[in-house]
Amino acid sequence: MKEPQIPAERWVGNLLQAAELIANREYQETRWLAADAFAWETPDEAINTLDDYVLDGSIEQFAETFSPVQSRAVVAFRDEVNRYCKATPQRLKPRDVLADPAWEIVRQKALDFV
C-alpha cells in the first residue's frame, strides 16, 4: 500500500464535509436554485468535490479510520454516487437533479454515512 498523501483525519473530515453537502436537501434547494448561486454551488461541483476525496482507492487506504458500520455506509455511498453518475448526463441541471428519485437515494446514502 502506498503512503497516504494527507493525514487520515484530514481526509475523513474533507469526505464528511462533501457528504454532508450531498445529504443536505435544504442547502441544495436554496443554493443550487438561487439566482446568486456561486459556481461551486451546483450538483456537478458537489460530485466533483466528492470525487476528489473518494477516488483512487482512498476509502480502502483509510479503511482503518472507519467503524464497521461507517465502512459499509461509505462504500454504499460511493457505489450509489457511481451508479448515479453513470446513469446521468455529464452536465447536471440543478432542478432536474432535485426532482430525480435516484438523487434522493444518493442523498440518503450520504446521510447514512454522515
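Relevant structure appears above.
### What about the overall build of the protein?
Scanning the protein for helices and strands turns up seven helices and zero strands. Secondary structure elements of the protein occur, N-terminal to C-terminal, as α-α-α-α-α-α-α. A compact globule built from 114 residues would reach a C-alpha radius of gyration of about 13 Å, and the protein, at 14 Å, matches this within 12%. For the C-alpha atoms alone, the extent of the protein along its principal axes is close to 45 × 25 × 25 Å. Counting the 114 residues in the protein, one finds 37% classified as buried. Restricting the contact set of the protein to residue pairs at least 6 apart, pairs at least 24 apart contribute 76%. When the accessible surface of the protein is summed, it comes to about 7,100 Å², and 52% of that surface belongs to carbon and sulfur atoms. Positive and negative charge centroids in the protein, built from 13 and 20 side chains respectively, lie 4 Å apart.

### Focus on the environment of Gln90
Secondary-structure assignment places Gln90 in the loop between α5 (68-87) and α6 (94-99). For Gln90, a relative accessible area of 75% gives the class exposed. Spatially, the C-alpha atoms of Gln90 and Val12 are 27 Å apart, while their sequence positions differ by 78 residues.

Calculation notes
Position labels on residues start from 1 in each chain and follow its written sequence. With pLDDT at 70 or above as the cut-off, local features in this predicted model cover only qualifying residues; side-chain atom pairs require 80 or more to be listed or tallied, and sums for whole chains, interfaces and linings still use all residues. Each side-chain value is derived from all of the structure's non-hydrogen atoms; neither hydrogens nor water enter the calculation. For helices the rule is a DSSP run of H or I covering at least 4 residues; for strands it is a run of E covering at least 2, with both sets numbered from the N terminus onward. In this treatment the radius of gyration is a C-alpha quantity, and the globule benchmark scales as 2.2 Å times the residue count to the 0.38 power. Accessibility here uses a 1.4 Å probe with only protein chains present; expressed as a share of the type maximum, an area under 20% marks a residue as buried, one over 50% as exposed, and anything in between as partly exposed. Working rule for contacts: check all heavy atoms of both residues, and any pair within 4.5 Å makes them a contact. With residues, only the protein chains shown are counted as cover, and all accessible areas are computed by Shrake-Rupley using a 1.4 Å probe. Lys and Arg are tallied as positive, Asp and Glu as negative. Neither His nor the chain termini are counted. Where a charge lies is defined by one atom per residue type: Lys uses NZ, Arg uses CZ, Asp uses CG and Glu uses CD.

Don't take any of this as a statement about function, it's just geometry.
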